[in-house]
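Fold and geometry: a report
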Amino acid sequence: MINQIKVLEEVARRLEPGADQRALWLEKVTAYAENFINDIPNAPVYIGDGEQGRGLFDSPISEEGIDIETALALLKCNVDRPGLNPTSGRFLGYIPGGALYPAALGDYLAAITNRYAGVFFASPGAVRMENMLLRWMAGVVGYPESSAGNLTSGGSVANLAGIVTARDAYQIEGAEVGRAVVYLTEQVHHSVGKALRLAGLRSCVKRFIPVDARYRMDAGALAEAIATDKRSGLQPWLIVASAGTTNTGSVDPLAAIGDIAAAEQLWFHIDGAYGAFFTLCSEGQKILAGMDRSDSIVMDPHKTLFLPYGSGAVLVKERQKLYSSHNHQADYMQDALAAVEELSPADLSPELTKHFKGLRLWLPLKLFGLAPFRAALEEKMLLARYFHHKIQEIDGFETGPEPDLAVAIYRYLPKRGDANKFNQRLIKEIHQDGRVFVSSTVIDGNFVLRLAVGAYRTHLADIDLTLDILKEKVNDLGML
Ligand SMILES: *Cc1c(COP(=O)(O)O)cnc(C)c1O
């Protein structure tokens, strides 16, 4: 048996590369990363043709390893070429962000040290760091120290956590579900509807409140709808407002909605996955006033704090509400809350063992400080307004309202023919060209183009290039 163990040990020890091997791998990976970063200004932002990553299958998972050069070559042509390049400053579709460099270093260190960030006892430092970041975020949106939160993988999971907490706080279960009313608008992100389904609330009543000309919830109509529902014996329960919709970046009237929620005693949830962090800059702070009135809020560091994907957050103002819905030892709840210095993520989320996400956020915030984040966010807001203004100067383009945050909607109105078809062709041309990436949406039945300024690498020259390309493509399509 000892012989057998020794034979196995020899093979198993390949999992423990020595210092030379580590240095070689790190050198190759660093060189790859440097090339990737240096290429960003010239690389296409979208590649829709070719093999689309199929070459990965030519190198199946097998008994023997391959060398790092071969592995990186596979990565380069199959993963890092086809599709979107969301690190580009010319990525202006959906909701950009960009992936800050120190966040990658944070992930690297988190993976090397593998601290157990789920439970305070296992890694008090990791848990303190994550809770410190969540308290910082709480301060950003005006929540008290006594709030609690969780670093999630994204906004969708964060919305689910907020809605589950609201459900339990109001004991929406059994026969109550069919009578419980949720107030939202058609502009709410689809992850809210998904979260309601996942939370077992498929049959609750969804009341879509009309929006105004800027796609913001009409607070007067909200108050009327609640009164009507109360009169007819339903149970108004939850208001979901958007601090920056995905479609148009519109911010609902948060303070007015907060007044209504307080007067009617409803749970007020804000989806600020896209927009909440804009409050770090003075332009954003004005429009986002009232976030502090909510009971729960979602914010996505992988959007407007420019982190790599996999970083969302949920905050709940009354910490025991989040805890009651997610802890795994309900019997000691009150005492535990009083006794422990720091709540553990495992008691505030569905997860137990989890990625130590705090480090990828802490390191960039500490190395850069807040000032460049504030400047970048304000710059993006002004760039969206600049685009909104400039595109109107090109003959034939029509725009939506002035952006609340950093999303502008627009379309070209051809002198003849169908506008929807023309704009579909226009966006296809832009995607095929690949120099810039803008996306589209449907608003009031119209196919419209969106420009979302949000990648930290996006600056004035990228917006000017986008304007030139739009002009050029309309011209190519025989319309200017
Ligand atoms: C992006 C977004 C979401 C979903 O967040 P993910 O991080 O993609 O899961 C939810 N709400 C809004 C307003 C968003 O912009």
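Residues numbered from 1 in each chain as written. Predicted model: local features only at pLDDT ≥ 70, side-chain atom pairs only at ≥ 80, totals over all residues. Heavy atoms only, no water.

So, the site of the ligand
- Near the ligand, the surroundings consist of 14 residues, among which Gly155, Ser156, Asp271, Asp300 and Lys303 are the closest.
- Within the contact set of the ligand, an oxygen atom lies 3.0 Å away from a side-chain nitrogen or oxygen of Thr246.
- One of the side-chain nitrogen or oxygen atoms of Asp300 is found 2.7 Å away from an oxygen atom of the ligand.
- For the shell around the ligand, the secondary-structure elements that each account for two or more residues are α6 (155-169) and α11 (301-304).
- Counting residues per element, the shell around the ligand draws most heavily on α6, at three residues. (Near = heavy atom within 4 Å. Polar contact = N/O pair within 3.5 Å; in protein donor to acceptor, adjacent residues only side chain to side chain. Helix = DSSP H or I, 4+ residues; strand = E, 2+ residues; numbered from the N terminus.)

Considerations on the packing of α6 against helix α7 (residues 190-198)
- Two numbers describe how α6 lies on α7: the axes approach to 9 Å, and their chain directions differ by 50 degrees. By the angle between their directions, the pair α6 and α7 is classed as oblique. Between α6 and α7 lies a crossing whose hand is right-handed. Two secondary-structure elements touch here, α6 through Ser156, Asn159, Leu160 and Ile163 and α7 through Ser191, Val192, Ala195, Leu196 and Leu198.
- Within the contact of α6 with α7, the residues separate by chemical class into six nonpolar, three polar and no charged. (Axes fitted to C-alpha atoms, helices over the stretch in contact; angles between N-to-C directions. Parallel < 35°, antiparallel > 145°, perpendicular 65-115°, else oblique. Left-handed = near helix turned anticlockwise from the far one by under 90°. Contact = heavy atoms within 4.5 Å. Nonpolar A, V, L, I, M, F, W, Y, C, P; charged D, E, K, R; others polar.)

Focus on the domain arrangement of the protein
- According to the domain assignment, the protein contains domain 1 (12-85), domain 2 (107-357) and domain 3 (371-476).
- Between the C-alpha centres of domain 2 and domain 3 there is a distance of 30 Å.
- Each partner contributes to the interface: domain 2 provides 27 residues, whereas domain 3 provides 22 residues.
- Between domain 2 and domain 3, a total of about 2,100 Å² is buried, with carbon and sulfur atoms accounting for 62% of that surface.
- Counting across the domain 2 and domain 3 interface gives three salt bridges.
- Applying the counting rule to domain 2 against domain 3 returns 13 residue pairs in polar contact (both at pLDDT 80 or more).
- No other element matches the four residues that helix α10 (residues 282-287) contributes to the side of domain 2 that touches domain 3.
- For the side of domain 2 that touches domain 3, the residue count by class is 13 nonpolar, eleven polar and three charged. (Domains from an automatic or database assignment. Buried area = accessible area lost by both parts, 1.4 Å probe. Salt bridge = Lys/Arg side-chain N within 4 Å of Asp/Glu carboxyl O.)

Observations regarding the side chain of Ser349
- Position of Ser349 relative to the elements: it lies in the loop between α13 (333-339) and α14 (358-368).
- With relative accessibility at 4%, the residue Ser349 sits in the buried group.
- Separated by 3.0 Å, the side chain of Ser349 and the backbone nitrogen of Glu351 make a polar contact.
- For Ser349, the residues in contact, after removing those within four places along its chain, are Asn150 and His326. (Buried < 20%, exposed > 50% of the residue type's maximum accessible area, 1.4 Å probe, protein only.)

A short note on a nonpolar patch on the surface
- A cluster of nonpolar side chains, contributed by Leu26, Tyr108, Leu109 and Ile112, occupies part of the molecular surface with about 370 Å² of accessible area.
- By residue number, the principal contributor to the nonpolar patch is helix α4 (residues 101-113), which donates three residues.
- Along the chain, the position of Leu26 falls in helix α2 (residues 19-39).
- For Leu26, a relative accessible area of 40% corresponds to the partly exposed category. (Patch = residues over 30% accessible without salt bridge, like charges linked within 9 Å, V, L, I, M, F, W, Y side chains within 5 Å. Areas by Shrake-Rupley, 256 points an atom, 1.4 Å probe, with all protein chains shown as cover.)

Thoughts on empty space enclosed by the protein
- Per the counting criterion, the structure on display carries one cavity of 30 Å³ or more.
- Taken as a whole, the largest cavity spans an internal volume of roughly 70 Å³.
- Arg214, Tyr215, Thr248, Ser250, Pro401, Glu402, Pro403, Asp404, Val407, Ala408 and Ile409 together form the lining of the largest cavity.
- Taken domain by domain, the makeup of the lining of the largest cavity includes at least three residues from each of domain 2 (107-357) and domain 3 (371-476). (1 Å grid on protein atoms, 1.4 Å probe; cavity = no way out; pocket = protein on both sides within 12 Å on 5 of 7 lines; lining within 4 Å. Points joined across faces, edges and corners; volume = space filled by probe spheres on them.)

A look at the environment of Ala158
- Topologically, Ala158 is positioned in helix α6.
- Expressed as a C-alpha distance, the spacing of Ala158 and Ser191, which sit 33 residues apart in the sequence, is 9.6 Å.
- Not counting chain neighbours up to four residues away, the residues in contact with Ala158 comprise Thr152, Val298, Ala313 and Val314.

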